[in-house]
Each structure stands twice: as structure tokens, then as C-alpha cells.
Amino acid sequence: MVDAITLETVQEAADYLRARTPYRPRVGMVLGSGFSGVAERALEAHAFPFEEIPHFVKPTVPGHSGRLVFGRFGGLEVAMMQGRVHFYEGHSAAEITLPIRALRAMGAEVLIVTNAAGGVRRGMRPGDIMAIVDHINLIGLAGHNPLRGPNDDRLGPRFPDMSPAYDPALLDLLRAEARAQGVRLLEGVYAMVGGPSFETPAEVRFLRAIGADAVGMSTAPEVVVARHSGMRVLGLSLITNVAPDSLARRLEEETTHEQVLAAGERAMPVLVRLMEGLLGRLARILER
Ligand code: HPA
């Protein structure tokens, strides 16, 4: 397991891609459970399975296919990670975030991260869409920060600022697009846990008490690395289940991976349309 990433490693991955695709995306996207259909809508797409790309690790989870798709979407050149590798699969936080560094090295300035998450705030329902306004990186706070280890100053500063981690102007774009489409957009704090076991009721109550609105097993390390490398970040969660805060609730609605994937399938058309409109707005603000 690699604990620190060097510029040379990143450049090997980026050079491999640059030599094989004419795309120079300004926007990178990570498509989590529920969002992967967005990649099917990319025009003139050019896809690379993760296992082909130097230093990328290969996902092992059903529902996360593991391809990097270049193409045009909403009028912009984009690079979409269709699926991602999770910390719980056994890799270090640094390894799972190498793709973000590679996209940055190819010129991406904006990262859009998406995920499936459990609703922690009372009243959240499966199918809700939440803009991430901040996160609580529980694995990072406990020492599994992707920046742990020697810092390569060519990649970013030793102590990067994380306030704000989620770009206020990009959040405004998302709000405007959701309003224009009549999509109900919640906002909240995403807590990242290590997984892969789902939370106990006491853990759900703990997450609520510390200010989390949704919980998931990804995203925060990617955002740390994106901010470290100077990218602007926008984050979106699809609420696929209600995280049960009592035993009664747990028995009533058990959380399964299948349930998470099914909620993603149902929300797909709304998410695709929202993302497409969002990218259209982004195209207008990213100066050429
Ligand atoms: N907990 C953690 N991760 C998740 C959940 C959950 O309830 N739902 C989707 N990803």
C-alpha cells in the first residue's frame, strides 16, 4: 500500500492518458452509485478501464464499473470517473485519490464529486438530492488523510486550507439549475465513514449530533486532494436510504447495497438532466 503520492507517479498516469486521448478536460467528475448513467450521455466518448491506466487501482464493488470516460457533456470537455475505488476496499486514502491528481495534471480546474449516501437528518427520504456544503472526514480526522506522509510541494502545500472546501459560486450554479428545472435540492453536511459495514443506530445518532446530514463511504479524501491541488469542488449526494437511528427503525428498513443501487436507478433521469444543465452553466462561467 502506498501512503504518499509523488509528482512522478501522477505524471505517469497523466502522460499515459494524454498520449491516448485528445481530450484536455477542464472539468473532472466522479460518478458514484446512482450517477454512473451520466457517463453514458457523454458525446464522442473515449473510455479507459482503470486497470489500463498506470497506478490506478481497480474497483471491486458491484455497481462501480471503473472506467475513466472522456467526452463532451453539457458543452464542455469532461473526464468522468465512472465508478471509484473506496477506502474500505483496502487501499490507502492516497492511492484511491490518485485519479484526482491525474485529472488535475491533465488540466482539470473543477471537480464534481457525487455519491450515494444515507440520510441522517430527520425527514430525508430515498431519492432526495443533497448539495454538499461541507464535510466531516471521519477517517481523515482519525489519521487516514490522503495527504499523510511526506508532502510533495509540487503537488500542493503541506497544510492546505479547507475552508471553504466546497466552492460557494459552484453551489450557486447548482442551486440556480435545480430551481430552473424544478428539482428539490437539499443542502447539508456529508460525513464520511470508513465502511463497509453500515452504521449502528448509535452511530447514526452520533453522526447527527456532530452535525452530519448524510453519511457515506467516499468523497471526502477526493475533495481533500482536489483542494490540495488547487481545484474548485462541487459535491452532490443522492440519498438512497434512511440511516436508521433506532433498532425499531433498523428492523423496519434494513439498509442493503441493492437498495442503494435501486434508488440510484430510479433517480437516474433526474440526475442526468440536472448534471447536464449544471455543466451548461459551468461552460458559460469558465473563461476560455
Ligand atoms: N451509510 C453509509 N454509506 C452509505 C449509506 C449509509 O446508510 N447509504 C449509501 N451509502
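Description of the structure in this document.

Analysis parameters
Residues numbered from 1 in each chain as written. Predicted model: local features only at pLDDT ≥ 70, side-chain atom pairs only at ≥ 80, totals over all residues. Heavy atoms only, no water. Salt bridge = Lys/Arg side-chain N within 4 Å of Asp/Glu carboxyl O. Helix = DSSP H or I, 4+ residues; strand = E, 2+ residues; numbered from the N terminus. Buried < 20%, exposed > 50% of the residue type's maximum accessible area, 1.4 Å probe, protein only.

**Some points on the pattern of salt bridges**
Then comes step 1: All told, the structure shown has 13 salt bridges when counted by the stated rule.
Then comes step 2: A salt bridge links Asp213 to Arg121, with the shortest nitrogen-to-oxygen separation between them at 3.2 Å. Of this pair, Asp213 sits in the loop between helix 6 (201-209) and strand 8 (214-216) while Arg121 sits in the loop between strand 5 (110-119) and strand 6 (129-137), and the two are 92 residues apart along the sequence.
Then comes step 3: The class of Asp213 is buried, set by a relative accessible area of 13%.
Then comes step 4: When the shortest N-O distance is used, the salt bridge between Glu187 and Arg175 registers 2.5 Å. Here Glu187, found in strand 7 (residues 185-192), pairs with Arg175, found in helix 5 (residues 168-181); they are 12 residues apart in sequence, far enough to count as distant.
Then comes step 5: Three or more residues joined by partner-sharing salt bridges are found here, namely Glu8, Asp152 and Arg154.

**Points about unusual backbone geometry**
Then comes step 1: Here the amide bond leading from Ser163 into Pro164 is cis, since omega sits at 0°, within 30 degrees of zero.
Then comes step 2: By the element assignment, Pro164 lies in the loop between helix 4 (138-141) and helix 5.
Then comes step 3: At the junction of Gly195 and Pro196, the peptide bond is cis and its omega measures out at 0° in the coordinates.
Then comes step 4: As for its placement among the helices and strands, Pro196 is situated in the loop between strand 7 and helix 6.
Then comes step 5: Even without glycine at this site, Glu44 takes up a positive phi of about 45°.
Then comes step 6: Within the secondary structure, Glu44 is located in strand 2 (residues 43-49).
Then comes step 7: A residue is classified by how much of its surface remains accessible, and Glu44, at 60% relative accessible area, is exposed.
Then comes step 8: Non-glycine residue His55 carries a positive phi angle of around 75°.

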